[in-house]
Every structure is written in C-alpha cells, then in structure tokens.
Amino acid sequence: MRAAGDLPVYAMVGNPNCGKTTLFNALTGLRQKVGNYPGVTVEKKEGEAYSQHGRPMKIIDLPGSYSLAARSPDEGVLRDVLLGRRADTPAPHRIICVVDASNLERNLYLAHQILDLGRPVIVVLNMMDVAIGSGQRIDPSKLEAALGVPVIPCEAIRGKGVVALRLAMSRADLPLARHRWDVPGPIAPAVAELQASLVQTDGRAPLVARAEALLLLTDIDTLRVEGSTTLSPQTHAVLAQWRQRWAREKMDWSGTLIRARYEAISRLCAGVINRTRDLGPSWSDRIDRVLVHSLWGWLFFALVMAALFLSIFMLAEGPMGWIDTRMTELGGWVKASLPAGDLQDLLVNGVIGGVGGILVFLPQILILFFFVGLLESTGYMARAAFMMDRPMSKVGLHGKSFIPLLGSYACAIPGIMATRTIENAKDRLVTILVAPLMSCSARLPVYLLMIATLLPKNEVSTPTKIGIMFLMYLVGTVGAFGFAWLFKRTLFKSAPPLMIMELPPYQAPRWKEIARQMVERAWLFLKNAGTIILAISMVLWFLTTFPKHPDPKVGVDVQIAHSLAGRAGHLLEPVIKPLGFDWRIGISLVTSFAAREVFVSSLGVIFGVELKSDDPAPVRVALQAARWPNGAILFTPLVCFNLMIFYVFAMQCMSTVAVVKRETNSWRWPLFQIGYMTGSAWLICLVVYQTGRALGF
Amino acid sequence: MTTPLFDPRVPLCQLPAGAMGRVCAITGEESFVQRLREMGLGEAAIVRKVSGTTTILCQVNGTRIALNHDAARGIMVEQLPGNAH
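Residues numbered from 1 in each chain as written. Chains lettered and ligands numbered in written order. Predicted model: local features only at pLDDT ≥ 70, side-chain atom pairs only at ≥ 80, totals over all residues.

Attention shifts here to the sheet that holds strand E4 (residues 56-61) of chain A. Residues and elements named next belong to chain A. Across the sheet, which stays open at both edges, the seven strands sit in the order E2-E3-E4-E1-E5-E6-E8 with mixed pairing between neighbours. Single-partner strands in this sheet number two, and they are strand E2 (32-36) and strand E8 (151-153). Strand-to-strand twist of the sheet, defined as the mean angle between neighbouring strand axes without regard to direction, takes the value 25°. Inspection of the sheet shows strand E6 (residues 121-126) paired to E8 by three bridges, in the parallel sense. Residue pairing across strands places Val123 opposite Val151, the latter belonging to E8. (Pairing = 2+ DSSP bridges. Helix = DSSP H or I, 4+ residues; strand = E, 2+ residues; numbered from the N terminus. Axes fitted to C-alpha atoms, helices over the stretch in contact; angles between N-to-C directions.)

Taken together, the contacts link 30 residues of chain B with 32 residues of chain A. Among the elements that make up the side of chain B that touches chain A, the one with the highest residue count is helix H1 (residues 30-38) of chain B (eight residues). Here the residues of the side of chain B that touches chain A sort into nine nonpolar, 14 polar and seven charged. Pairing of strand E10 (residues 500-502) of chain A with strand E5 (residues 63-67) of chain B involves three bridges; the strand directions are antiparallel. Bridged to Glu502(A) within E5(B) is Ile65(B). (Contact = placed C-beta atoms within 7 Å. Nonpolar A, V, L, I, M, F, W, Y, C, P; charged D, E, K, R; others polar.)

With that settled, consider the pairing of strand E1 (residues 9-14) of chain A. Residues and elements named next belong to chain A. Along E1, five of the six residues are buried, which leaves the element largely enclosed by surrounding structure. Bridge count between E1 and E4: four bridges; the pairing is parallel. Among the inter-strand pairings, Val9 is bridged to a residue of E4, identified as Lys58. (Buried ≥ 20, exposed ≤ 12 C-beta atoms within 10 Å, placed from the backbone.)

Next up on the list: unusual backbone geometry. Cis geometry marks the peptide bond from Phe546(A) to Pro547(A); its omega dihedral reads -10°. Here Pro547(A) shows up in the loop between helix H22 (511-545) and helix H23 (556-562). Despite not being glycine, Met127(A) has its phi angle at roughly 60°, a positive value. By the element assignment, Met127(A) lies in the loop between E6 and helix H4 (128-133). With a phi close to 75°, Ala44(B) is a non-glycine residue in the positive phi region. With respect to the helices and strands, Ala44(B) occurs in the loop between H1 and strand E3 (46-51). Residue Ala44(B) is classed as exposed on the basis of its 8 C-beta neighbours within 10 Å.

Next up on the list: the packing of helix H24 (residues 564-576) of chain A against helix H25 (residues 583-591) of chain A. All names here are of chain A. Interaxial distance between H24 and H25 falls to 7 Å at its minimum, and their mutual angle equals 115°. Considered as vectors, H24 and H25 are oriented roughly perpendicular to each other. The handedness of the crossing between H24 and H25 comes out as right-handed. Contacts between H24 and H25 involve Ala565, Gly566, Ala568, Gly569, His570, Leu572, Glu573 and Ile576 from the first element and Trp583, Arg584, Ile585, Gly586, Ile587, Leu589, Val590 and Thr591 from the second. Broken down by class, the residue content of the contact of H24 with H25 amounts to nine nonpolar, five polar and two charged. (Parallel < 35°, antiparallel > 145°, perpendicular 65-115°, else oblique. Left-handed = near helix turned anticlockwise from the far one by under 90°.)

Before going further, it helps to examine the nonpolar core. Residues and elements named next belong to chain A. Counting residues in hydrophobic clusters, the biggest one holds 224 residues, and the most contacted among them are Cys97, Val99, Val123, Val124 and Met644. Looking at which element gives the most residues to this core, the answer is helix H28 (residues 637-649), with 10 residues. Apart from the residues lying within four places of it in its own chain, the contact partners of Val99 are Gly14, Cys18, Leu104, Asn107, Leu108, Ala111, Val123, Val124, Leu125 and Asn126. (Core = buried A, V, L, I, M, F, W, Y, C linked by C-beta atoms within 7 Å.)

With respect to the secondary-structure elements, Arg521(A) resides in helix H22. A count of 22 C-beta atoms within 10 Å places Arg521(A) in the buried class.

Any functional reading would require information that these geometric values do not contain.
Shown next, in the form of structure tokens:
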C-alpha cells in the first residue's frame, strides 16, 4: 500500500482520439518528458501536475487503446503497465479514464475493463460539447451513481473541467468502483482457478488477478510485448488446460464475454444517455461523403500531397541556405581561432561538416512533422491512410505506409519513425526496408552534380534538369514498390491484412499541440541522428586523413589518395570498374557511405577542388577533365547517369541504419537492408553500364 | 407462406450507401473478429453504410469506422427497411 504523503502516480488511459492528449497537456503544461519504453518502440510520455495543495503528482500518458485485449504494441504496453507486468514502469496507483461522451458506450468498454482492476479510477467525460452537438444529453451524476467513481464532465480543448479534475485527483481518498457485474456462469470456475494461480505464483493483487484471468482466458492470439514479465509455469499450465478444454468443446468465450460486457454497460448507461433527437448525418459525415469515395476526394487528396511535397522542397530552401551559411561561418571562425593542424581540421571538416550536414535538413524535417501533425489533428490523416489502402495493398503494403513513404522523400529517418502507426509487424518491417529507396533530399546534391557534369552546356536548362531529377525520383519510387511487392511475396508473406480503422470526426487543427509535437519529434530526431552522425563524421575524418603522406606539402588530393579511405578506394576498383567507376569514385562511395551528400565534397577533395559553397561549377569542370590512366574520359554521360542510378538504390546512410536498428530492435534488418539495397545497386548499375556500352554510349 | 424473392443478407460491402443493416454473422481471422466485436460491430449491431463498395465507410452507434475490402466481405448484414438520410 502506498503510504500517505507519497507521490501518487496516475495513469491516463482512453480510446484513441478521445482528447486524452489535450487533457494531459492541460494538466502538465511544459513539465513533460518523452522517451521510449525499453525494448519496444512505443513512446513513453510522463508529466507532472500539481495538486490542489501544490503537491506534485506524476502522470503517465499511456497509449490510446480500445481494449486490454491488445492488438498492437501500443495497446500491449497499456495492458502490461496496468497489469504490473513491466519492470521499468510499475503499475500506477490511480487511473484516469478519459471517455468520449459523444460515443459513450463504446468508450466505456475499455473503462469497464479498467474498473475491473479494482484500483481507484476517475472517469473524465470529455467532449461534452460534441455530445450535445450530436443530439445526446449525458448526465454525469447518473453515471457517477451507477459506477461509484467520480465522473468529471470536461471540454479539454476549451480547458473546461480541468480544475474539477485536478480537485478530484487531489482527494486523499477515492471511492472504488461499484459496477458489480457477473462473469458468465460457465466461465467462472476457470476464472477463479486462474485467478488463484496468479495471486499465489505471480504475486498479483486479487482484483487485478481476476481481471487478468478474464483477459487471458478470452483473448484470442495474445500479443506479447518486449519488456513485460512472463507468467509463471503453473499459471501457464492452468491457462493451457482450460483453453484446450474449450477448444474441444468448441466454446467461444471471447464473443460471449464481449457481449456480456456490453450488456452490463448498456444497463449502466440506462438513464445516463438521453438522445434528444436524431440529427441525421453530421458535418463530418457530409464532408466524408465528398472526400472519401469520390473523384473530388481524390483530387483533394492529390492537392494535399502536392502541397506537402512542394513545401518540403520549396519552403525549406531559404532556411536551409541560412543554416548552411551559418555553418560555413562557424567553420571559418574555428579556422581563424585555432592554429592550423589536426584538431582544427577535425573540428572544421569532421565535426562541423558532419553535424552541419544534418542540421541543414532540419527545416525539411520540421515541415514534414508539421504537416503530419496538421493532418492528424484535423482528422484527415485517417482518411488519407484509408484511401491509400487499396492501391498500397496491391503491392502488399498498408494504407498507413503512405505517409512514412511520402515523408521519406525528404528524409528516410523521420519517415521510418512514422511507421510506428502500422500495427502489422510485417507490413511495418517492409515499409521500413523500402523507405530509403524513396529518393531523399540528401541525394539531391549528387543528382545536381551529376546532371551538371553530364550535360555539355555550361548552363543547364531547367526543364532538362527537372526532367532528369523526376526520372530519378520515379526510378526510386518504382524500386521501392517493386521491392515491397517482392518482399511481401517471398520473405514476409502474410495473409491479406484485415483493416479496421476508426475515423475521428473532423476538427479544427490544434496549433499549439501541433507545434509542440513538431518540436518534440524534431528534437528526438536531432538527438538520435545527430549523435550518430557526429561519431561517424569523426571516424570518416580519421579515415580520410590518416595515414598521412610523408610530404606535408602535397595537395589534398594526393593526401586523400594516401589515406585509409584512398586505399579502400583502390581495393574497391576491380569491383566497381565493370560499372564504369574508378578508384577515385570508389573513395567517394566509401566516404558517402556515412551520408550521401558527403559525395560532392569528397569528389571535390579528391579532384583537388576547394569547395566554397554548394555551387557545383568548379567541381563539374574538374570532373569533366578527369581521365582514366589510358586517357579515356572518366565521367562520360553514361557514367554520370549510372552514378545517379547507384545512388538511387544503394544504402548510403549510416544514420538511417542506426534508426532502423533502433526501430526493429536488431541488427539483422539494417544489415539486410544494406545488403539488398547496395547489392541491387551494383547489379543494376552493372546492367546499365554494360548495356550502355554495348549500345555504343 | 411466401419466401422472399431474394436473400436480404448481404456482405457489408454490398449494402447500398445510406442504408441500415443489422449484422447477422461475422467471419474472418479470429483475433480480428474479436476486435470488431470489441469496437461495437458484433452480431445484432445496427450499422449504417456511409459509402464505398471495396473499401467502405460505415457508422456504428456513433462511431465512424473504415474497413478494407477483405474485412467488409466477412461481415454479413441484413438490410433494414428505410433509409437513414
């Protein structure tokens, strides 16, 4: 038992889209901490609120869920935390159940399961305004009388009811639920036996054990989540025995229990919900009739996606240039402040060059997260995922794969992070594996340089430039879908997914929340990717600097040829010669294995060009002059084209590898990804080059 | 005793837009069916079809639900008289 005066720990639970997050933000303000549950990629959100007496209370915002019978890792974490199965997050003392008043009975399903746990519960009746707007009058006091726990009406968006909630949370004593309901007769002995086993051998509190027993007995295909403790062998045996018996008797306890629960909820709600009149289809319904299944809907969708895509590229240009300039200035300042030497070189080229490289992408990432937040907040995201489900499922992907893949056009890292919404593990994995094939913005400098080198005129006409770039994007996209299709047919075969998704009503966007989420996610991204890139940049700097050429006066190009990276390039040459690449390109391939955009500066260094800005002109001239030992032109149009193709397919981003490792919790998948992507890049480039040569290019 | 000229039971994807139906039977992968029931789409639930013939949109007791084709095919409903426009 918790001693009086201890900091009470609250868990906030509820269905997705019940306004739980708004309420959590209202209670905790900026005193929030976002992280991860160890072992599983589910966001862990904790915050602190102050009681009526000014004492701090800890609140954990658990993932939105429909039932304790978990169908996704998010719901699995909710279940495990509430049942006390996670060592990293002890079971909370009290639970705040947020319920959408306009959809009361369905929302009470989870609340009813939670009341079974026997812990103090406060029910928040949120979205009271929506209920009234849809012609329903809910009586909170009647509900409180039926349930026995405090019921607080709320409109979290407007801040109404937050004070009352805080008051309720500050109470020293909270009444326990008195929603007595009877487990269906024939199932009762099984529940009793399993409950006893859980209490004796797994150390559960009696009421929690009863709830858990009920869940274990009726949950079909229980989902296991990493980081949760397993049941004792005795309990397993009891469970298995009852399950086998029911399988023999062909009893469907799952359906019976669900029906029993809904009937109990119905009785509880008698007199609570008063439907004044049936108002017919709501605004959301009317909008959906146009937006979801009609031509206008698709046009609107295309418009939204175009806006997303264009903003990422156009709106970000200014800020990106600004950041780039600041980074260059910083480098200049360091150069001026420190004496010339290795340290200065490391800081300027290794650290600032590397970290600056990732900071430059921050505007694009912010814009992507902003759009995602906007779409989610208005409720359109669910419709978009739903509409894209049919075309995506033709290649074996999920409708929810669409936004991660679209976002990967900016940068695969936030795109991959966005795959957390995909419940099916296989679909999610396939999406993660093919996301880097969507040509990310880091490939742009490569494309631009190659296009400039490939086209003989000094001034590249814009339509040609755009045309070639578009071609590269197209190839990448086709590659992504092609591989997805292949994977779903072979390695990740699974039955066609059955998708059910609740569409929240349309809402005006909540700007504060969007902004907060945007900053949070971007910061997490910077922290994770930034640290890795910093480490890699330093390693690369080392590889390209040492061992040093005995003569300190040689040019940078000789220097790099002498280094470890240079030797790697030489070693690589026999492998990449059939693709038309030589050892100098090989060095760049090695260095840009850390980050694609390094390719341009590497080439610059190798060919002895001092790069002052992103302007490819001086490098282009040097490249066009480059020759093989036998005098043949190195950068023929075919080779330039081939190099672009290589960059479309090859996995050249250690940061992505690191994020994939974190999101899949193993090294197997990132290594597989490197293998299949770079392998196919080599193969495709081989075919392209040899065919091109045979055709006389 | 006259038998109806047609079987009023149809899969949810074939229910006309705007029509109401009562769920008679649900088939499909067991854990998915369990989830359907938990979300209110159980046997005897009244569902109003909003739109769609392959991916579909429907309303169950205040909840707006989207289903893909394979899921909707497994839900047999009996059309109820009257429209709910």
